[in-house]
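Letter by letter, the chains look like this.
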Amino acid sequence: MLYIKDRKSSQKGGYSIILFLFSLLLLTGCNNNNSHKDRVITEEAFSDMKAPDFIYDLKEIRHHLKSLMNSDKGTTEADRQTRHYYQDSQHPMVWIDRLGVGERADSLLDWLHLLNEIGMSEKSFAVETIEQDIKRLRTLSFGEGQNSLNKTAARLEYHLTKACLRYCYGQRFGFINPNSVFNNLDVEKSDTVRKVVKYRGLFDIPIDRPGKNYASLVIDKVRHDSIAVYLREIQPDDKMYLKLKNMLPTATGVEQRKRILVNMERWRWRRKQPIVETGKRIIVNIPAYHLYAYSDDSLLDMRVVCGNVKTKTPQLSSHIEWMEVNPQWVMPMSIVENDVTRHVGDSSYFARNRYYIYDKETHQRLNVKSVTRQMLLSGKYKVAQEGGAGNSLGRIIFRFKNNFSVFLHDTSNPGAFERLSRAMSHGCVRVAKPFELARFVLDSPDEWLLDRIRIAMGLTPETLQGIEYVDSHPEVEDRNKIISYVSVKPRVPLYIIYSTLWPDEYGNFQTWPDVYGYDQVVWNHLSTYM
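Residues numbered from 1 in each chain as written. Predicted model: local features only at pLDDT ≥ 70, side-chain atom pairs only at ≥ 80, totals over all residues. Heavy atoms only, no water.

Caption draft 1: Here's a closer look at the overall build of the chain. On a plain count of helices and strands, the chain comes out with 18 helices and 21 strands. Each of the 530 residues in the chain was classed as buried or not, and the buried ones make up 45%. With an accessible surface of roughly 28000 Å², the chain has 49% of that area assigned to carbon and sulfur atoms. (Helix = DSSP H or I, 4+ residues; strand = E, 2+ residues; numbered from the N terminus. Buried < 20%, exposed > 50% of the residue type's maximum accessible area, 1.4 Å probe, protein only. Areas by Shrake-Rupley, 256 points an atom, 1.4 Å probe, with all protein chains shown as cover.)

What follows is the structure in structure tokens.
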């Protein structure tokens, strides 16, 4: 029999039964009027059976919880929230109640016993310790020291909460936070004097993240006996995740298993706007250096060039909204600082590359010889390149809203697509089949629109009207201006992702190199659970 020492109880002994009562067989005779003399059972009847080893002391349990909290060096959000909960002595117990520890703990253990199916270790969730302590509590198998009743109860309470929060945070939102991990990875600028560091943005996919009250939500699920249902609800159901999970048992070698687990984690990050599975959509997979343009009945794929290791292409999601033909290229400040400032005053350099300088506010062009290095670095002026043949953006650019000033575009260096490793740009994505992509994003374009794009891009027209236009406009500049802006309606979803396991057109997963080292970054964080 287990009791709890209640320091506010009456003088009769100060104890109340909290775990369970012995089963009693009350014998009754055939005559209903003959009642058993011990039919009415009172707490006092068991007063002589109370033993110190079987009495909960809440104050002592709180003391042991504090010790566990102070010795817990876990760094995950779940770990921090566990410590935060038990810092407040007013918070009620989550798992231990007047019936001891019930089926809620068993519901959690059912899922923790499946950790191997997702590549996790039961040791990282203290499963063995939890099971041993549940057995001690249910069989009253207490001992001295670490296995005393109150230490067992405190340890079980703490480990169950921590394991539950770790599991719920991980399976519902991902075991790592890609926003904090990737957007604090590459230093863009640093000032060692003022200790100011600016990191390069590398991840801008809107995903679900736990709010500040998420731990309280999970704890409430436990306390209101609905945790079993919730644990089922939070399981990832993305098709890619499930396919990768099914590959795990047949993984050959440590590296393949590691690659599967890392990519499973990526598909735990639940997009607020999931990748659409019908209609037109474009996916750029950075490690594959490939673009896939899907429609309901076709696939257009092409090689791409992505950002180099120092100027990585960010992961993002957006929509293609418009195209510009023969666009001007306005240089990012990083390129101006690193490449252009050393040529200040060299008019031949600017003329040879068809660069010009203009005032940001007035858009008035400046004489190159009058511009100083300090002026270029002031942020008041821009360096741009004239559109047309030889422009760094090529003959067409595909515009979409994003926070990085990166786009899909043509290139003046098509030979780059022949290289095996194509991490060469300043962050934008260069596409090998720009006209085909333009035709793809347009909704039932007429042939004259397509021919105007061809003519402006320097391609051979295919309609009689296009051929006649070229014959009557011998000047290249006139042909370049036949069309400049093309709206894309409806907008086409675009996803720039990083996946080192990605299915080909037949649905078979292909392995791609970890070009930015992101697999290792994710693995370093996942190793806490392995």
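Caption draft 2: Representation of the sheet that holds strand E14 (residues 381–385) within the structure. Spatial strand order, E11-E14-E12-E13: 4 strands in an open sheet with antiparallel pairing. With one partner strand each, in any of the chains shown, strand E11 (329–330) and strand E13 (365–366) form the two edges of the open sheet. (Pairing = 2+ DSSP bridges.)

Caption draft 3: Expanded view of the layout of surface pockets. Approximately 1400 Å³ is the volume found for the largest pocket. Along the wall of the largest pocket there are 46 residues; nearest its centre are Pro 332, Ser 334, Ile 335, Phe 404 and His 426. The set of elements that each furnish at least two residues to the lining of the largest pocket consists of strand E4 (187–191), strand E5 (196–199), E11, helix H11 (333–340) and strand E15 (396–400). Counting residues per element, the lining of the largest pocket draws most heavily on H11, at 7 residues. Residues belonging to the lining of the largest pocket are distributed by class as follows: 19 nonpolar, 16 polar and 11 charged. In this structure, the second largest pocket encloses a volume near 720 Å³. (1 Å grid on protein atoms, 1.4 Å probe; cavity = no way out; pocket = protein on both sides within 12 Å on 5 of 7 lines; lining within 4 Å. Points joined across faces, edges and corners; volume = space filled by probe spheres on them. Nonpolar A, V, L, I, M, F, W, Y, C, P; charged D, E, K, R; others polar.)

Caption draft 4: Spotlight on helix H3 (residues 103–112). If you check which residues of H3 are buried, you get Arg 104, Ala 105, Ser 107, Leu 108, Leu 109 and Leu 112. Contacts from the buried residues of H3 go to helix H4 (127–139), helix H5 (149–173), helix H7 (214–223) and helix H8 (227–233). (Contact = heavy atoms within 4.5 Å.)

Caption draft 5: The environment of Val 262, seen in detail. Structurally, Val 262 can be placed in helix H10 (residues 254–266). The class for Val 262 is buried, based on a relative accessible area of 0%. The spatial distance from the C-alpha of Val 262 to the C-alpha of His 525 is 10.0 Å, given a sequence separation of 263 residues. Residues in contact with Val 262, not counting those within four places in the same chain, are Asp 519, Val 522, Trp 523 and Leu 526.

Caption draft 6: Broad picture of the packing of H10 against helix H18 (residues 518–526). It is at 10 Å that the axes of H10 and H18 come closest, and there the two elements cross at 85°. Considered as vectors, H10 and H18 are oriented roughly perpendicular to each other. Contacts from Lys 258, Arg 259, Leu 261, Val 262, Glu 265 and Arg 266 of H10 reach H18 at Tyr 518, Asp 519, Gln 520, Val 522, Trp 523 and Leu 526. Split by residue class, the contact of H10 with H18 holds 6 nonpolar, 1 polar and 5 charged. (Axes fitted to C-alpha atoms, helices over the stretch in contact; angles between N-to-C directions. Parallel < 35°, antiparallel > 145°, perpendicular 65-115°, else oblique.)

Caption draft 7: Highlighting the pairing of strand E12 (residues 355–359). Along E12, 5 of the 5 residues are buried, which leaves the element largely enclosed by surrounding structure. Of the two faces of E12, both are covered, the one formed by Tyr 355, Ile 357 and Asp 359 as well as the one formed by Tyr 356 and Tyr 358. Pairing of E12 with E13 involves 2 bridges; the strand directions are antiparallel. Residue pairing for E13: Ile 357 is matched across the bridge by Leu 366. With antiparallel pairing between neighbouring strands as the criterion, E12 and E13 make up a hairpin whose turn holds 5 residues, including His 363 at a positive phi of roughly 60°.

Caption draft 8: Examining the packing of aromatic side chains more closely. Counted according to the given criterion, the structure contains 22 aromatic pairs. Aromatic side chains Tyr 356 and Tyr 358 sit 6.0 Å apart centroid to centroid with 40° between the ring planes, which places their arrangement in the tilted category. As far as the burial class goes, Tyr 356 and Tyr 358 line up, both buried. For the pair Tyr 498 and Tyr 516, a centre-to-centre distance of 5.8 Å together with 25° between the ring planes defines the contact as stacked. In this pair, Tyr 498 sits in the loop between strand E19 (485–497) and strand E20 (501–503) while Tyr 516 sits in the loop between strand E21 (509–511) and H18, placing the two residues 18 residues apart along the sequence. Note on accessibility: Tyr 498 and Tyr 516 belong to one class, buried. An aromatic cluster is defined as three or more aromatic residues linked by ring pairs; in this entry it consists of Phe 182, Phe 203, Trp 269, Tyr 498, Tyr 516 and Tyr 518. One residue, Lys 312, lies across the ring of Tyr 516, its end atom 5.7 Å from the ring centre. The positively charged end of Arg 365 is found above the aromatic ring belonging to Tyr 356, 3.6 Å away from the centroid. (Phe/Tyr/Trp six-rings, centres within 6.5 Å; stacked < 30°, edge-to-face > 60°. Lys NZ or Arg CZ within 6 Å of the ring centre and 35° of its normal.)

Caption draft 9: Representation of the pattern of salt bridges in the model. Applying the stated rule across the entire model yields 23 salt bridges. The residue Glu 386 makes a salt bridge to Arg 365 at a minimum N-O spacing of 2.7 Å. With Glu 386 in the loop between E14 and E15 and Arg 365 in strand E13, the pair connects residues that are 21 residues apart, well separated along the chain. The class of Glu 386 is partly exposed, set by a relative accessible area of 23%. (Salt bridge = Lys/Arg side-chain N within 4 Å of Asp/Glu carboxyl O.)

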